[in-house]
Number of protein chains: 2
Amino acid sequence: MEQQSVLLDLFVLFAAAKIFGELFQAIRQPAVVGELLAGVVVGPHVLGLLGGGEQDVLEVVAELGVIILLFTVGLETSLDDLRRVGRPALLVGLLGVALPFAAGMGLMIVLGYERADSLFVSAAIVATSVGVTARVLRDLGAVNTTAARVVLGAAVVDDILAIMLLAVVSGLAVGDLSTVELVVLIVEVLLFLGIVLFLGPKAIRRLSSIVRVPGIPESPFLVAVLLTLGLAAASEVIGLAAIIGAFLAGLIFEFRKEEVATQIEPVYEFLVPFFFAITGSQLDPTVFGDVGILGLAAMVTAIAVVTKVLGGYAGSVGLERGTRLTVGVGMVPRGEVGLIVASLGLGLGLDAELFGVVVAMTVVTTIATPPVLGPLVAAERRRTERTER
Amino acid sequence: MEQQSVLLDLFVLFAAAKIFGELFQAIRQPAVVGELLAGVVVGPHVLGLLGGGEQDVLEVVAELGVIILLFTVGLETSLDDLRRVGRPALLVGLLGVALPFAAGMGLMIVLGYERADSLFVSAAIVATSVGVTARVLRDLGAVNTTAARVVLGAAVVDDILAIMLLAVVSGLAVGDLSTVELVVLIVEVLLFLGIVLFLGPKAIRRLSSIVRVPGIPESPFLVAVLLTLGLAAASEVIGLAAIIGAFLAGLIFEFRKEEVATQIEPVYEFLVPFFFAITGSQLDPTVFGDVGILGLAAMVTAIAVVTKVLGGYAGSVGLERGTRLTVGVGMVPRGEVGLIVASLGLGLGLDAELFGVVVAMTVVTTIATPPVLGPLVAAERRRTERTER
């Protein structure tokens, strides 16, 4: 058969995502689980309905989807509320990086893997991918609960630490990390955050008065698109995940917010399902055929889950117990950063089967979290409503 | 430099498109010209601000953009009105294919090119790309004028004929086209059109009553996205351009049309500029450095322009003179079908410089049409308003 059209792939993914999403909503599960499973089912490893060979083409659509998702979540998050949870978010972020990395190193060394392999696997299980949790929070209308704020704040901290860890690990693996380079990276990241969070809101107010110049039609949505693409790209350029930039863009965007929130909805409906379906399509269920790999994947996944839950729970000390558990579970999904670390490792000589283990861990934590997180988030929302009354 | 992020490319394209678009609107030119020029300027051949090497990744975003554009135009076109211009549309489509092909063959043979090369170049100058004209019609609020209807109808006819011609030409070039295959193609295309146009509207009414099942939230926008992706993909599968399917999707979509029209706007604002900026980025102004190639490109482009204008003018006999001229000019822009023909030819041994000539013809007709078409369309709209009053 000749190369299948990308549009056909997109149609198959979208249709399957919507059908599975509706089915899961009918059994009171978050639609996102259905969308992920839809991807697994139509993907190359099960039904093979996608054209194949077009992976990076599909990924750009997925990337647009997750950026729109994080912008929307940022838009619905109040910067002041986020500042108020600064301390627990910082702690959750720190512990959520330290615990998985330490436990991962312990496991790999005990199992007899060499240092470089151990470093890459451990670094890959560190970074939370907030996309899945953000989607469950949105599906259940719980973006403005305490747990949500802590998770979103911690995800920013977490991502920054994971990227720095990646720099250190790559340097150790190839043996050429200079202290200067590391310091430059840290300064860059802190400058970026400082500029965006403290100067961003003012700059947007300025920009919005510029677009009000007579004769040129003002469009808050246009400003939003430019800001989101711009900060997402800037974020990638300095070495952070693009979704962090997109989230920050939403967070600082205050110019005719309600209008933009309405306008972003159809874009969200169109693009976001692709992210989840395409992520799902990357899971190869047959990797679990080899018992040794299955066992290792299970152990790594277990460590990845337990240490994040513990980190989230311990880091949010002082909050209600239910909230702490929600934070812990909300930090569990891993995603693109883990995959980036693993594929970088692959290029530097990481064992191909260990790469498979990381991919499996990523997809399992992503697919398994929403069914557990759903009820916790629902309870958290009820708690918040009770407190506010 | 390492591989630049796709998001940065998208940001650069979007920002440049918006800046140039505003500038062109300020001097009362269609924004689309600015967007095309923005692409030329930031593209690899002038400033080189794009990462490069990611061409098919950018193209999928461009493709989503042009599909949303044609769906929107289809949505704003009335099927009944289109049926009313059936005869001129058919004639314009037929002449708009026959004249450029005949003239192209004549020129190439006179210049001494061999048969296969002549066939490919002549086939490549046949197909109108209605995207640019559709955009000018929308920018100037003239989708519901007679000229617009004739052009849109003729574009469907034109695309069908061009695809059939492509099948014949490829067959002649490699010498293995069976009559059976050609008949199968023609039957497929006619069946597709028949099914979509005569059964489509009923099927959508059915579908919209299904999505009204209690418990499942109805979303006309979702139905629209599925229909658009589905028909665009189906259209590609049977060998037509995807934009024909997207246009048909909009044309037959009647279910809560106003709501969908409002919801599609932000998606349009976000994705459509990419199509024009990315198309512009493909023009290499340096191809005109070689005088021989420049001369040939100029001759082929002149033939491409003159024959389409003549075909449009002659085919719309019986309509007002201004309308006929608008139709002719509206048919001038060439696009993806021409590029497809040329790249197929390249694979079958077409001369690389002739490929460059086709690309130049495509981009020049695309960039040069809007400034001429703009005033004609504006006059056409005034004519329509006068008639209706």
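Reading the values: rules and limits
- Residues numbered from 1 in each chain as written.
- Chains lettered and ligands numbered in written order.
- Predicted model: local features only at pLDDT ≥ 70, side-chain atom pairs only at ≥ 80, totals over all residues.
- Heavy atoms only, no water.
- Least-squares fit on C-alpha atoms with pLDDT ≥ 70 in both.
- Contact = heavy atoms within 4.5 Å.
- Helix = DSSP H or I, 4+ residues; strand = E, 2+ residues; numbered from the N terminus.
- Polar contact = N/O pair within 3.5 Å; in protein donor to acceptor, adjacent residues only side chain to side chain.
- Buried area = accessible area lost by both parts, 1.4 Å probe.
- Nonpolar A, V, L, I, M, F, W, Y, C, P; charged D, E, K, R; others polar.
- Axes fitted to C-alpha atoms, helices over the stretch in contact; angles between N-to-C directions.
- Parallel < 35°, antiparallel > 145°, perpendicular 65-115°, else oblique.
- Patch = residues over 30% accessible without salt bridge, like charges linked within 9 Å, V, L, I, M, F, W, Y side chains within 5 Å.
- Areas by Shrake-Rupley, 256 points an atom, 1.4 Å probe, with all protein chains shown as cover.
- Salt bridge = Lys/Arg side-chain N within 4 Å of Asp/Glu carboxyl O.
- Lys, Arg positive; Asp, Glu negative; His and termini not counted.
- Charge placed at Lys NZ, Arg CZ, Asp CG, Glu CD.
- Buried < 20%, exposed > 50% of the residue type's maximum accessible area, 1.4 Å probe, protein only.
- pLDDT = per-residue confidence, 0-100.
- 1 Å grid on protein atoms, 1.4 Å probe; cavity = no way out; pocket = protein on both sides within 12 Å on 5 of 7 lines; lining within 4 Å.
- Points joined across faces, edges and corners; volume = space filled by probe spheres on them.
- Phe/Tyr/Trp six-rings, centres within 6.5 Å; stacked < 30°, edge-to-face > 60°.
- Lys NZ or Arg CZ within 6 Å of the ring centre and 35° of its normal.

Examining the relation of the copies chain A and chain B
Argument step 1. At an RMSD of 0.0 Å, chain A and chain B line up after a rotation of 180 degrees and a shift of 0.0 Å along the axis. Considering both components of the superposition, the chain copies are consistent with a two-fold axis.
Argument step 2. The residues that chain A uses at the interface reappear at the interface of chain B in 100% of cases, marking a shared surface.

Thoughts on the side chain of Asp158(B)
Residue and element names in this part refer to chain B.
Argument step 1. Positionally, Asp-158 belongs in helix α8 (residues 146-174).
Argument step 2. Here Thr-128 takes part through its backbone nitrogen, which lies 3.1 Å from a polar atom of the side chain of Asp-158.
Argument step 3. Setting aside its immediate chain neighbours within four residues, Asp-158 contacts Gly-93, Gly-96, Val-97, Val-126, Ala-127, Thr-128, Lys-308 and Met-331.

Examining the interface of chain A and chain B
Argument step 1. At the junction of the two partners, chain A supplies 39 residues and chain B supplies 39 residues.
Argument step 2. Both faces combined, the contact of chain A with chain B buries some 3,500 Å², and carbon together with sulfur accounts for 83% of it.
Argument step 3. Counting residues per element, the side of chain A that touches chain B draws most heavily on helix α10 (residues 220-237) of chain A, which supplies 10 residues.
Argument step 4. A class-by-class count of the residues in the side of chain A that touches chain B yields 29 nonpolar, 4 polar and 6 charged.

Overview of the packing of helix α1 (residues 6-26) of chain A against helix α3 (residues 55-76) of chain B
Argument step 1. Contact pair α1(A) / α3(B): the axes reach a minimum separation of 11 Å and the direction vectors enclose 75 degrees. Judged by the angle between their axes, α1(A) and α3(B) are roughly perpendicular. In this structure, α1(A) contributes Val6(A), Leu7(A) and Leu10(A) to the contact, and α3(B) contributes Val60(B), Glu63(B), Leu64(B) and Ile67(B).
Argument step 2. Counted by class, the contact of α1(A) with α3(B) contains 6 nonpolar, no polar and 1 charged residues.

Overview of a negative patch on the surface
Argument step 1. Taken together, the side chains of Asp56(A), Glu59(A), Asp56(B) and Glu59(B) present a region of like negative charge at the surface.
Argument step 2. The set of elements that each furnish at least two residues to the negative patch consists of α3 (55-76) of chain A together with α3 of chain B.
Argument step 3. Inspection of the secondary structure puts Glu59(B) in helix α3.
Argument step 4. With a relative accessible area of 35%, Glu59(B) lands in the partly exposed category.

Brief notes about the packing of helix α6 (residues 115-124) of chain B against helix α16 (residues 352-388) of chain B
Packed helices, taken two at a time, are described by the angle their axes make and the gap between the axes.
All names here are of chain B.
Argument step 1. Interaxial distance between α6 and α16 falls to 10 Å at its minimum, and their mutual angle equals 10 degrees. One element, α6, and the other, α16, form an angle in the roughly parallel class. The residues of α16 that touch α6, namely those facing Asp-117, Val-121 and Ala-124, are Leu-354, Val-358 and Met-361.
Argument step 2. By residue class, the composition of the contact of α6 with α16 is 5 nonpolar, no polar and 1 charged.

Quick word on a nonpolar patch on the surface
Argument step 1. Taken together, the side chains of Val183(A), Val187(A), Leu191(A), Ile195(A), Phe198(A) and Leu199(A) define a hydrophobic patch exposed on the protein surface, amounting to about 580 Å² of accessible area.
Argument step 2. Position of Val187(A) among the secondary structure elements: in helix α9 (residues 179-210).

Describing the confidence of the model for chain A
Argument step 1. With 90% of its residues at a pLDDT of 70 or more, chain A shows a mean pLDDT of 83.
Argument step 2. Listed scores for the predicted complex are pTM 0.80 and ipTM 0.78.

What to know about the environment of Ala241(A)
All names here are of chain A.
Argument step 1. Note that Ala-241 resides in the loop between α10 and α11 (242-252).
Argument step 2. Residue Ala-241 is classed as buried on the basis of its relative accessible area, which comes to 9%.
Argument step 3. Each C-alpha atom of the pair Ala-241 and Gly-315 lies 23 Å from the other, and the pair is 74 residues apart in sequence.

Some remarks on the side chain of Ser281(A)
Residue and element names in this part refer to chain A.
Argument step 1. Its place among the elements puts Ser-281 in the loop between α12 (257-280) and α13 (291-315).
Argument step 2. A distance of 2.7 Å separates the side chain of Ser-281 from the backbone oxygen of Ile-278, its partner in a polar contact.
Argument step 3. Sequence-distant contacts of Ser-281, defined by excluding residues within four places in its chain, comprise Gly-39, Val-40, Gly-43, Pro-44, His-45 and Leu-50.

Let's talk about empty space enclosed by the protein
Argument step 1. Applying the stated criterion across every chain yields a total of 5 cavities of 30 Å³ or more.
Argument step 2. As a volume, the largest cavity reaches approximately 90 Å³.
Argument step 3. Around the largest cavity sit Phe270(A), Leu64(B), Ile67(B), Ile68(B), Phe71(B), Ala224(B), Val225(B), Thr228(B), Leu229(B) and Ile264(B), which together line it.
Argument step 4. Looking at the lining of the largest cavity, the elements that each hand over two or more residues are α3 and α10 (220-237) of chain B.
Argument step 5. Residues that form the lining of the largest cavity fall into these classes: 9 nonpolar, 1 polar and no charged.
Argument step 6. Looking at the second largest cavity, the residues that line it are Leu64(A), Ile67(A), Ile68(A), Phe71(A), Ala224(A), Val225(A), Thr228(A), Leu229(A), Ile264(A) and Phe270(B).
Argument step 7. Counting only elements with at least two residues in the lining of the second largest cavity, the list comes to α3 and α10 of chain A.
Argument step 8. Among the residues forming the lining of the second largest cavity, the class breakdown is 9 nonpolar, 1 polar and no charged.

Re the packing of aromatic side chains
Each aromatic ring pair is characterised by the separation of its centres together with the angle its planes make.
Argument step 1. Summed over all chains, the structure comprises 9 aromatic pairs over all chains.
Argument step 2. Ring geometry for Phe270(A) and Phe274(A): centres 6.2 Å apart, planes at 75 degrees, overall edge-to-face. Of this pair, Phe270(A) and Phe274(A) both sit in helix α12, 4 residues apart, which is roughly one turn of that helix.
Argument step 3. Of the aromatic side chains, those joined through ring pairs into one cluster are Phe14(A), Phe270(A) and Phe274(A).
Argument step 4. Arg324(A) extends its terminal NZ or CZ atom over the ring of Tyr313(A), reaching a point 4.1 Å from the ring centre.
Argument step 5. If you follow Lys18(B) out to its NZ or CZ, it ends over the ring of Phe14(B), 5.9 Å from the centre.

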